[in-house]
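# Report on the structure
The primary structure of each chain is shown beneath.
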Amino acid sequence: METVSAAKAHGGTLGVYRHTSAATGTEMTFSVFLPPHAVDGAKLPVLFYLSGLTCTHANVTDKGEYRRICAELGLIFVAPDTSPRGPDVADDAAGAYDFGLGAGFYVNATQAPFAAHYRMWDYISEELPALIAANFPADPARMGITGHSMGGHGALTLGLTYPEKFKSLSAFAPIVAPGQVPWGHKALAGYLGPDPAAWRAHDAVALIEDGKRPAGDVLVDQGDADNFLVEQLRPELLAAACEGAGIALTLRLQPGYDHSYNFISTFMEDHIRWHAERL
């Protein structure tokens, strides 16, 4: 693991790191905020944040406004990239923003040419947590997951699939039912093939319908001025699925907020406090 940069912030350290991933077969970059911790040998809870379409690790690292509250609460914050990258990594043929580079959708692709490197599911669920536990004072028994948009989709699907691993779960403006919206139709068909049955393992609403449950309650914030709300995000589908399954969902529709980091940074502290209470 190579240290790309490191700087002191709020008494802790914000670092950017690079390593060769066994899951993706590429170099992967991620950031970690390590809060100050007074007791030598103390193991701290960890929050993984999955970013949305077009993003890298840097978007939330630069604009998320999480460091102060993570330092206060003693929470490690990890921000991975959104896809494999490199000269040998396949991209969308037309260079579109919603598929290929920057748009891995947190799945293990089965379709050529994407299957060779697009294995973000294994990277987030297995490889990166192990790397964090081996190199930072992280407690693998106290991990939570959150994310925005495509990353909210990833957080929900990973949290529902691995409740024993991700003990707390939240999302900002998530794609809750990719099997029912254009973004998901394009990405899941491209990565997993045309059969919708293969998509269900990466669709939060379908996972709930198929019996998956999170470790506990779930927090979702959604701006009501989000221009993707009606066509792509559809939080009402998640609300209905959770109600039918008896999952405690706190869904907050935030007046006037859009899809940007202005929205995310406003409610980031709420989410970090939510996770810290549960971890």
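Now for a look at the structure at hand. Keep in mind that what you see is a predicted model, and the values were worked out from it rather than measured.

Burial analysis of strand β4 (residues 44-50) places 7 of its 7 residues in the buried class, which makes it a mostly covered element. Summarising the sheet, β4 and strand β6 (residues 138-147) pair through 6 bridges and their orientation is parallel. Looking across to β6, one finds that Val46 is bridged to Met143. Sheet analysis places β4 next to strand β5 (residues 76-80), joined by 3 bridges and oriented parallel. Each bridged residue has a counterpart across the sheet, and for Val46 the counterpart in β5 is Ile76.

The biggest cluster of nonpolar side chains holds 87 residues, and the ones touching the most others in it are Phe77 and Tyr191. In this structure, Phe77 is in contact with Ser31, Val32, Phe33, Leu47, Tyr49, Val60, Tyr66, Cys70, Met268 and Ile272, ignoring residues within four places of it in sequence.

Here we come to the side chain of Ser83. Take Ser83: it is sitting in the loop between β5 and α3 (120-135). Looking at Ser83, its side chain comes within polar contact range of the main-chain nitrogen of Gly102, at 2.8 Å. Non-local contacts of Ser83, meaning those with residues more than four positions away in its chain, are made with Met28, Gly100, Leu101, Gly102, Ala103, Gly104, Tyr118 and Met120.

Further remarks concern the packing of aromatic side chains. Counted under the stated rule, the structure contains 18 aromatic pairs. Consider the rings of Phe114 and Tyr118, whose centres lie 5.5 Å apart with planes at 75°: the pair is edge-to-face. Taken as a pair, Phe114 and Tyr118 share a single burial class, namely buried. Ring geometry for Phe172 against Phe263: centres 6.2 Å apart, planes inclined by 85°, an arrangement best described as edge-to-face. With Phe172 in strand β7 (residues 166-172) and Phe263 in helix α9 (residues 261-278), this residue pair connects regions lying 91 residues apart in the sequence.

The largest bend in α3 amounts to roughly 35° and is located at Glu127, with the proline Pro129 lying one to four residues further along. Those residues of α3 that sit buried are Met120, Trp121, Tyr123, Ile124, Ser125, Glu127, Leu128, Pro129, Leu131 and Ile132.

Parameters at a glance
- Residues numbered from 1 in each chain as written.
- Predicted model: local features only at pLDDT ≥ 70, side-chain atom pairs only at ≥ 80, totals over all residues.
- Heavy atoms only, no water.
- Buried < 20%, exposed > 50% of the residue type's maximum accessible area, 1.4 Å probe, protein only.
- Helix = DSSP H or I, 4+ residues; strand = E, 2+ residues; numbered from the N terminus.
- Pairing = 2+ DSSP bridges.
- Core = buried A, V, L, I, M, F, W, Y, C linked by side-chain atoms within 4.5 Å.
- Contact = heavy atoms within 4.5 Å.
- Polar contact = N/O pair within 3.5 Å; in protein donor to acceptor, adjacent residues only side chain to side chain.
- Phe/Tyr/Trp six-rings, centres within 6.5 Å; stacked < 30°, edge-to-face > 60°.
- Bend = angle between axes of the 7 residues up to and from the residue.

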